[in-house]
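Residue-level structure breakdown
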Amino acid sequence: MTVFKEVSCDKFDEIREKLYRFLESRDWKRVYHLSSLDEDKDLKRIIRLFERNSTIKGSVGDATIYVISIYCLDPHSRSGKVFIAPLVVERSSSGYTVKMGYEAFDSFSASSEEEAEKFVGERFGGFVRLLERAVSTGSPNAVRLIEIAKCSEEFTLINFLGKIYGDEILNGDTIPGLYSTCSGESNFFINDKVVVIRDIYLFAVRDIRNDEIFTYSINAIVGEKLSEVIPKYKIFYKSLFIGLRDLPEPEFVIKNSLGDEYAFSSSKAVVDRRKVSLVVVGAYDHGKWFIRDVVAISCDVGHGDECSVYSFRMGLAFNYIRSISISASLDIREAVSKYIMWSRGIHDEIKKQLVKELIEKSKWEILPA
């Protein structure tokens, strides 16, 4: 594992403590502007700490990048620790800008060095190998990767993508897209490999080669985890990667009885020969539109004209198309039905099934008590 260095636990604690003591003394400030590196002797000592202990070092444009990636294992207690810390020193005509990246740290249990190495590789290896490759090739994505390290969700996605696709991730729009959601420039990014919709805390990764999709979640017991999507829901997640690359603008805005505004837009996808319509349910907050839910609707004509509605925010499926109103507010059910019937982004099969549901509902409503 060339991108990680195993050190003694005493050495591990010494490096980490020196870095944390410095940051604490500076009120955790991470960016410094200097006319000369000699004007801040404590910061210069930190730079030397990185120079001596970095496992990754190189130049990208006017920036020199250092990355300390180390781990240790105590054979007596069988406890281990892993630590990643980046530093960027950028030179310009006015002097230097020094940026201390966000650290990634984890502890683990392992009965052997092989087990420790395996844990470190699975937990951080994909990300760090991509970062090492980006630095060695002078890729502009190197600095973006360092910024992504501060975002637990995007970091986990990149780590997983790096293990699946390798250096392929350094090209294309995946890293810039995840950087945009991590930095707050955007709350939405989808391409053929990854889905991020931060408004509804949806993070997904697609392994195209093995036809697998995984979603990210945080569990109180196991911590951060990527879990494979179960087969019956896979069609809905596939539809995101196909039909929602670009977020459609709101095309229908309504108000409920409380004066809350809801916006709707839609798009179509065909997944494994099945037609799926995606409905984006949005709401306005101080004039800004945010996503309240994304709902996938599919009517499988070959199986008794059954339809399924899947809410990505709730992670639940419903049997009735009109259930989409649950994603917004129950008192706009009629308006939601009108939107589905009117929108060009909804497949005709879905509209026909909705009509059947509404007729059946009306029949039940006129029955005597």
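In case you missed it, the structure is sitting above this.
A brief structural summary. (Residues numbered from 1 in each chain as written. Predicted model: local features only at pLDDT ≥ 70, side-chain atom pairs only at ≥ 80, totals over all residues. Heavy atoms only, no water.)

**Some thoughts on the state of the cysteines**
Should the sulfur atoms of two cysteines be covalently bonded, the bond is a disulfide. Within this structure, the stated rule accounts for 2 disulfides. Two residues, Cys9 and Cys72, share a disulfide whose sulfurs are 2.5 Å apart. Looking down the S-S bond of the Cys9 and Cys72 bridge, the torsion is 95°, so its handedness is right-handed. One end of the pair, Cys9, is in helix α1 (residues 9-25); the other, Cys72, is in strand β4 (residues 63-74), with 63 residues separating them in the sequence. Since its relative accessible area comes to 0%, Cys72 is described here as buried. (Disulfide = S-S within 2.5 Å. Helix = DSSP H or I, 4+ residues; strand = E, 2+ residues; numbered from the N terminus. Buried < 20%, exposed > 50% of the residue type's maximum accessible area, 1.4 Å probe, protein only.)

**Some thoughts on the pattern of salt bridges**
Any two side chains of opposite charge can pair, so long as their charged atoms come close to each other. The full count for this structure, using the stated rule, is 18 salt bridges. Close ionic contact of Lys193 with Glu168 constitutes a salt bridge, the shortest N to O distance being 3.4 Å. You can see Lys193 sitting in the loop between β8 (188-190) and β9 (194-197) and its partner Glu168 sitting in the loop between α5 (152-165) and α6 (174-183), a full 25 residues away along the chain. Residues Asp211 and Lys238 are paired through a salt bridge, measuring 3.0 Å at the closest nitrogen-oxygen approach. Of this pair, Asp211 sits in the loop between β10 (202-207) and β11 (212-219) while Lys238 sits in helix α7 (residues 231-243), placing them 27 residues apart in sequence. What makes Asp211 partly exposed here is its relative accessible area of 36%. Residue classification places Lys238 among the buried positions, given a relative accessible area of 8%. (Salt bridge = Lys/Arg side-chain N within 4 Å of Asp/Glu carboxyl O.)

**Examining the side chain of Asp40**
Checked against the element boundaries, Asp40 lands in the loop between β2 (31-34) and α2 (41-53). When its relative accessible area of 12% is taken as the criterion, Asp40 is described as buried. There is a polar contact of 2.9 Å between the side chain of Asp40 and the side chain of Arg26. Those residues in contact with Asp40, other than ones at most four positions away along the chain, are Arg26 and Leu34. (Polar contact = N/O pair within 3.5 Å; in protein donor to acceptor, adjacent residues only side chain to side chain. Contact = heavy atoms within 4.5 Å.)

**Considerations on the packing of aromatic side chains**
Where two aromatic rings form a pair, the distance of their centres and the angle of their planes describe that pair. One pass over the structure, following the stated rule, counts 18 aromatic pairs. Ring pairing ties together the aromatic residues Phe12, Tyr20, Trp28, Phe83 and Phe105, which thus form one cluster. Against the face of Phe105 rests Arg16, its NZ or CZ located 3.6 Å from the ring centre. (Phe/Tyr/Trp six-rings, centres within 6.5 Å; stacked < 30°, edge-to-face > 60°. Lys NZ or Arg CZ within 6 Å of the ring centre and 35° of its normal.)

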